[in-house]
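This is what each chain is made of:
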Amino acid sequence: MNRAAANDLESAAPRQSVILVTGGDGFLGSRLLPLLARAIDGAQIIKIARREKRGYDSSLPIRTIYGDLKDESLWAEIPETITHVFHLAAVIPWQGEERHKATLTADNVSPLAHLIEYSRRWSNIQQIIYSSSVSVYSPTPDFLREDSPRQPTSLYGAAKLAGEELLKTLSARGLATVSLRLSSLYGFGQYQGTVLPIMVKRALQKQELLIFGDGTRTQDFLHCEDAAQAHLLSFQKQARGAYNVGTGTPVTMSELAQTVSRVFTEGKAPIVYQPEKGDGDPGLKLDITKARRELNYEPSIPLESGLQKLKQELGAS
């Protein structure tokens, strides 16, 4: 066998990671892709995106396949040498009227069904890492652990839970599947209709920061870079199973408002409570002990630091 042929065999060996990332141009994917490119030597990385994105860093050694994940013809374009999949793509119902649309379930579950079907053709496939959500859990004032009751109150949460259950069918093939239950992601470029970016926008416009209810509702605000790191660790640790991914620190709406005011207005933005608009929701508290123990995951960007970073990225003075 000549040297060129040997090199060809080595390059095709299963030990070389061939990584597929769905939702590659999304909020989380845009952080994960450069992280993978830097951290995994010799990996081939393929991303799937719906359309070409302006400002994309074309210097990254990443191949792009454009298309709709619900379209079976797109999956036929994917090489059969895939070893790992990061399934980040999701349709999130940001607007209130979208939260009860039946299409929400199909939009989130259909791509996973295609992934499961086509993965049977990938002889070197080892692991699928799935971006799930804390919305799979039943509402509770207690800290949520991975074995906490799962009874979603939204179609989106139900779709995410269905995705987790679908992936479990691959265990019979010895395939490792990971479900990362992400808490409230934030960072530069996120959708502007949720509580944190709304408060930031109002602070920058020198408006009052509004709190619905008494301010005790909690969320776990996770910076997108920490979320990306958890995905990389899941790959590096060859993880299996479900993991909560957040900061482990519940933040009340009052604390959020105070921190936003301090970072963006030096504490000058007035905080106004609207108790009549409260809905009695206690919010969420997340236990991340398992991710810390098994993945060596440790969130590195606390809320105030994340907001300082966001302030710089927004060019706010």
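Residue numbers run consecutively from 1 along every chain, following the written order of its sequence. Confidence filtering applies because this is a predicted model: local features only for residues at pLDDT of at least 70, side-chain atom pairs given and counted only at 80 or more, and all residues used for totals across whole chains, interfaces and linings. Remark: hydrogens and water are excluded; side-chain values derive from all non-hydrogen atoms of the structure.

1. Comments concerning the nonpolar core
Considering soluble globular proteins, one finds that nonpolar side chains tend to be buried as a cluster. If you look at the biggest cluster of nonpolar residues, it comprises 39 residues, and the most contacted ones within it are Ile19, Val21, Leu36, Ile45, Phe86 and Tyr297. In this text, helices come from DSSP runs of H or I with a minimum length of four residues, and strands from runs of E with a minimum of two, each type numbered from the N-terminal end. Among the elements of the structure, β1 (18-22), α2 (29-39), β7 (176-182), α7 (224-236), β12 (241-245) and α9 (289-295) are those that each provide at least two residues to this core. Among the elements that line this core, the one with the most residues is α7, at six residues. Throughout, a contact is declared for two residues whenever any of their heavy atoms are within 4.5 Å. The residues touching valine 21, leaving out its near neighbours within four places in the chain, are Leu33, Leu36, Ile45, Ile46, Lys47, Ile48, Phe86 and Leu88. As used in this record, nonpolar core signifies buried Ala, Val, Leu, Ile, Met, Phe, Trp, Tyr and Cys residues forming a set joined through side-chain atoms within 4.5 Å. Each residue is assigned to one of three classes by its accessible area relative to the maximum for its type, calculated with a 1.4 Å probe on protein chains only: buried under 20%, partly exposed between the two thresholds, exposed over 50%.

2. Observations concerning the packing of aromatic side chains
Aromatic pairing here means that ring centres of Phe, Tyr or Trp (its six-membered ring) are within 6.5 Å. Orientation follows from the plane angle: under 30 degrees is stacked, over 60 is edge-to-face, and everything else is tilted. Here the structure, examined in full by the defined rule, presents two aromatic pairs. Each ring is checked for a lysine NZ or an arginine CZ that lies within 6 Å of its centre and within 35 degrees of its normal; such an atom marks a charge sitting over the ring. In this structure, lysine 290 is placed above the aromatic ring of tyrosine 243, and the distance from its NZ or CZ to the ring centre is 4.6 Å.

3. Some points on unusual backbone geometry
We note that lysine 206 has phi near 60 degrees; this positive angle belongs to a residue other than glycine. Tracing the backbone shows lysine 206 in the loop between α6 (195-204) and β9 (209-212). At glutamate 266, a position not held by glycine, the phi torsion is positive, near 55 degrees. Within the secondary structure, glutamate 266 sits in the loop between α8 (253-265) and β14 (271-274).

4. Re the side chain of aspartate 226
The residue aspartate 226 is located in helix α7 in this model. In this charge count, Lys and Arg are treated as positive and Asp and Glu as negative; neither His nor the chain ends contribute. Salt bridge, as applied in this entry: a Lys or Arg side-chain nitrogen positioned within 4 Å of an Asp or Glu carboxyl oxygen. This buried residue, aspartate 226, is left without a salt bridge; arginine 292 holds the nearest opposite charge, at 9.4 Å. A polar contact of 3.0 Å, which involves the side chain of aspartate 226, links it to the backbone nitrogen of isoleucine 301. Setting aside chain neighbours within four positions, we find aspartate 226 in contact with Tyr297, Pro299, Ser300 and Ile301. Nitrogen and oxygen atoms within 3.5 Å of one another constitute a polar contact, given that in protein one can donate a hydrogen and the other can accept it, and given that sequence-neighbouring residues count only through two side-chain atoms.

5. With respect to the pairing of β7
Of all seven residues that make up β7, seven are buried, and the element is covered over most of its length. What you see with β7 is no split at all: Ala176, Val178, Leu180 and Leu182 on one side and Thr177, Ser179 and Arg181 on the other are buried throughout. Two strands pair if DSSP finds at least two bridges between them. Note: β7 against β12, five bridges, orientation parallel. Residue pairing across strands places arginine 181 opposite asparagine 244, the latter belonging to β12.

6. Focus: the sheet that holds strand β5 (residues 127-133)
As a general point, the strands of a sheet are linked pairwise by backbone hydrogen bonds and lie either parallel or antiparallel. The strand order β3-β2-β1-β4-β5-β7-β12 describes an open sheet built from seven strands, whose pairing is parallel. Since the sheet does not close on itself, it has two edges, and those belong to β3 (62-66) and β12, each with one partner. Strand-to-strand, the axes of this sheet are offset by a mean angle of 20 degrees, without reference to chain direction. Across four bridges, strand β4 (residues 84-87) lies against β5 in parallel orientation. Every axis corresponds to a line fitted to the C-alpha atoms, with the helix fit spanning only the stretch in contact, and the corresponding angles, defined between N-to-C directions, vary from 0 to 180 degrees.

7. A few points about the packing of α8 against helix α10 (residues 303-314)
Think of two packed helices as two axes; the pair is described by the angle between the axes and how far apart they sit. The N-to-C vectors of α8 and α10 enclose an angle of 45 degrees; their axes lie 10 Å apart at closest approach. It follows from the interaxial angle that α8 and α10 lie oblique. Seen from above, α8 lies across α10 with right-handed handedness. Residues Leu256, Thr259, Val260, Arg262, Val263 and Phe264 of α8 lie in contact with α10, whose contacting residues are Leu303, Glu304, Leu307, Gln308, Leu310, Lys311 and Leu314. Amino acid classes used here: Ala, Val, Leu, Ile, Met, Phe, Trp, Tyr, Cys and Pro are nonpolar; Asp, Glu, Lys and Arg are charged; the rest, including Gly, are polar. The residue makeup of the contact of α8 with α10, split by class, is eight nonpolar, two polar and three charged. Put simply, angles under 35 degrees are roughly parallel, angles over 145 are roughly antiparallel, angles from 65 to 115 are roughly perpendicular, and the rest are oblique. Whether a crossing is left-handed or right-handed is set by the direction in which the near helix is turned from the far one by less than a right angle, anticlockwise for left-handed and clockwise for right-handed.

8. Overview of the pattern of salt bridges
What the rule picks out here adds up to 14 salt bridges. One salt bridge connects lysine 309 with glutamate 225, and the closest N-O pair in it is separated by 3.3 Å. Here glutamate 225 lies in helix α7 and lysine 309 lies in helix α10, a separation of 84 residues in the sequence. With a relative accessible area of 27%, lysine 309 lands in the partly exposed category.

9. Overview of the environment of leucine 232
Within the element layout of this structure, leucine 232 appears in helix α7. Residues leucine 232 and glutamine 192 lie 40 residues apart in sequence; the distance between their C-alpha atoms is 26 Å. Those residues in contact with leucine 232 that sit more than four places away from it in its chain are Leu32, Leu35, Leu36, Ala39 and Ile40.

10. Remarks on the confidence of the model for the protein
How sure the predictor is of each residue is captured by pLDDT, a score from 0 to 100. This prediction gives the protein a mean pLDDT of 91; 92% of its residues lie at or above 70. The low-confidence segment residues 1-14, where pLDDT is below 50, has nine contacts with residues more than four positions distant or belonging to other chains.

11. Notes on a nonpolar patch on the surface
Note that patches include only residues with greater than 30% relative accessible area and no salt bridge, and the join distances are 9 Å for like charges and 5 Å for nonpolar side chains (Val, Leu, Ile, Met, Phe, Trp, Tyr). The Shrake-Rupley method, run with a 1.4 Å probe, gives the accessible areas here. Residue values count only the displayed protein chains as cover. On the surface, a cluster of nonpolar side chains totalling about 250 Å² of accessible area is made up of Phe188, Leu204 and Leu314. Checked against the element boundaries, leucine 314 lands in helix α10. The partly exposed category is assigned to leucine 314, whose relative accessible area is 40%.

12. Points about α8
By definition here, a helix of n residues has an expected span of 1.5 Å times n minus one. Between its first and last C-alpha atoms α8 spans 17 Å; for 13 residues at 1.5 Å apiece the expected length is 18 Å, and the two agree. With 10 of 13 residues buried, α8 lies mostly within the body of the structure. The set of residues buried in α8 consists of Met253, Ser254, Leu256, Ala257, Thr259, Val260, Ser261, Val263, Phe264 and Thr265. Just past α8, the residue glutamate 266 takes up positive phi, approximately 55 degrees.

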